[in-house]
Amino acid sequence: MTGVGRVLVIVYAVMALGATGRSFVQIVRRFDEAPLAYSLSALAAVVYILATLALVLAHRRGWYAVAWIAILFELTGVVTVGLLSLLVPTLFGHDSVWSYFGMGYVFIPLVLPLFGLWWLRTHRPQEASA
């Protein structure tokens, strides 16, 4: 894995840890304030964990496909939650990492999956030699 790939994995790992910790606190302490937002936060944590693992193992064809699916799912989630937070802000108790397309977080939740998909496209697994 190249330097850029390592940085990508590190960023995904940090997002996975942050999302996991954040969703745990949200669900334990404040779930009744915004159940949809906090459930989506927990789902995002799972997706970040899966994407991180899949990126580490993306040199294997099966995991490469898992990485694509996880990151596409992540991007779809960010766009969906971003649109929902604009159209129906009452669904979200307060600004979250993914609301408003991650605007409060310098759009990292929106840019990261785009960068991840670009990286996967340019770093396909090598064909097995015959």
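Refer to the structure above for everything that follows.
Conventions and cut-offs
- Residues numbered from 1 in each chain as written.
- Predicted model: local features only at pLDDT ≥ 70, side-chain atom pairs only at ≥ 80, totals over all residues.
- Heavy atoms only, no water.
- Helix = DSSP H or I, 4+ residues; strand = E, 2+ residues; numbered from the N terminus.
- Buried < 20%, exposed > 50% of the residue type's maximum accessible area, 1.4 Å probe, protein only.
- Contact = heavy atoms within 4.5 Å.
- Areas by Shrake-Rupley, 256 points an atom, 1.4 Å probe, with all protein chains shown as cover.
- Phe/Tyr/Trp six-rings, centres within 6.5 Å; stacked < 30°, edge-to-face > 60°.
- Core = buried A, V, L, I, M, F, W, Y, C linked by side-chain atoms within 4.5 Å.
- Axes fitted to C-alpha atoms, helices over the stretch in contact; angles between N-to-C directions.
- Parallel < 35°, antiparallel > 145°, perpendicular 65-115°, else oblique.
- Left-handed = near helix turned anticlockwise from the far one by under 90°.
- Patch = residues over 30% accessible without salt bridge, like charges linked within 9 Å, V, L, I, M, F, W, Y side chains within 5 Å.
- Salt bridge = Lys/Arg side-chain N within 4 Å of Asp/Glu carboxyl O.
- Nonpolar A, V, L, I, M, F, W, Y, C, P; charged D, E, K, R; others polar.

J.: Any chance you could explain the overall build of the chain here in plain terms?
T.: When helices and strands are counted, the chain shows four helices and zero strands. What you see in the chain, going N to C, is helices and strands ordered as α-α-α-α. Scored against the burial criterion, the 130 residues of the chain give a buried share of 37%. Within the chain, counting contacts between residues at least 6 apart in sequence, those at least 24 apart form 64% of the total. With the model as given, the accessible surface of the chain reaches about 7600 Å², and the carbon-plus-sulfur share is 73%.

J.: Quick question: what am I supposed to make of the packing of aromatic side chains here?
T.: For any pair of aromatic rings, the description rests on two quantities: the centre-to-centre distance and the angle between the ring planes. Applying the stated rule across the entire model yields three aromatic pairs. Measuring from ring centre to ring centre gives 6.5 Å for Tyr-64 and Trp-68, while their planes differ by 70°; the resulting arrangement is edge-to-face. Taken together, the residues span about one helical turn, with Tyr-64 and Trp-68 both in helix H3 (residues 61-87) at a distance of four residues. Relative accessible area serves as the criterion here: at 10%, Tyr-64 is assigned to the buried category.

J.: Would you mind showing me how to read the nonpolar core here?
T.: Nonpolar side chains in soluble globular proteins tend to be buried together. In terms of nonpolar packing, the biggest core is built from 22 residues, with Leu-8, Tyr-12, Tyr-48, Leu-55, Ile-71, Leu-112 and Leu-120 touching the most fellow members. Secondary structure elements with two or more residues in this core: helix H1 (3-30), helix H2 (35-56), H3 and helix H4 (108-122).

J.: When you look at the packing of H1 against H2 in this model, what are you seeing that I'm missing?
T.: The description of two packed helices rests on the angle between their axes and on the distance between the axes. At a minimum axis separation of 8 Å, H1 and H2 run at an interaxial angle of 155°. As the angle between them shows, H1 and H2 are arranged roughly antiparallel. For the element pair H1 and H2, the recorded crossing hand is left-handed. Contacts between H1 and H2 involve Leu-8, Val-9, Tyr-12, Ala-13, Met-15, Ala-16, Ala-19, Thr-20, Ser-23, Gln-26, Ile-27 and Arg-30 from the first element and Tyr-38, Ser-41, Ala-42, Ala-45, Tyr-48, Ile-49, Ala-51, Thr-52, Leu-55 and Val-56 from the second.

J.: Just checking my understanding: could you explain a nonpolar patch on the surface for this structure?
T.: Together, Val-4, Phe-107, Val-111, Phe-115 and Trp-118 make up a nonpolar patch on the protein surface, roughly 440 Å² of accessible area in all. In this fold, Phe-107 is placed in the loop between H3 and H4. The partly exposed category is assigned to Phe-107, whose relative accessible area is 36%.

J.: What am I meant to see in the packing of H1 against H4 here?
T.: One can describe the packing of H1 onto H4 by two numbers: an axis separation of 11 Å at closest approach and a directional angle of 145°. Read as a crossing pair, H1 and H4 show a hand that is left-handed. Residues Val-4, Gly-5, Leu-8, Val-11, Tyr-12 and Met-15 of H1 touch H4, and the partners they reach there are Ile-108, Pro-109, Leu-112, Pro-113, Phe-115, Gly-116 and Trp-119. Considered class by class, the residues forming the contact of H1 with H4 number 11 nonpolar, two polar and no charged.

Coordinates in, geometry out; function isn't part of it.
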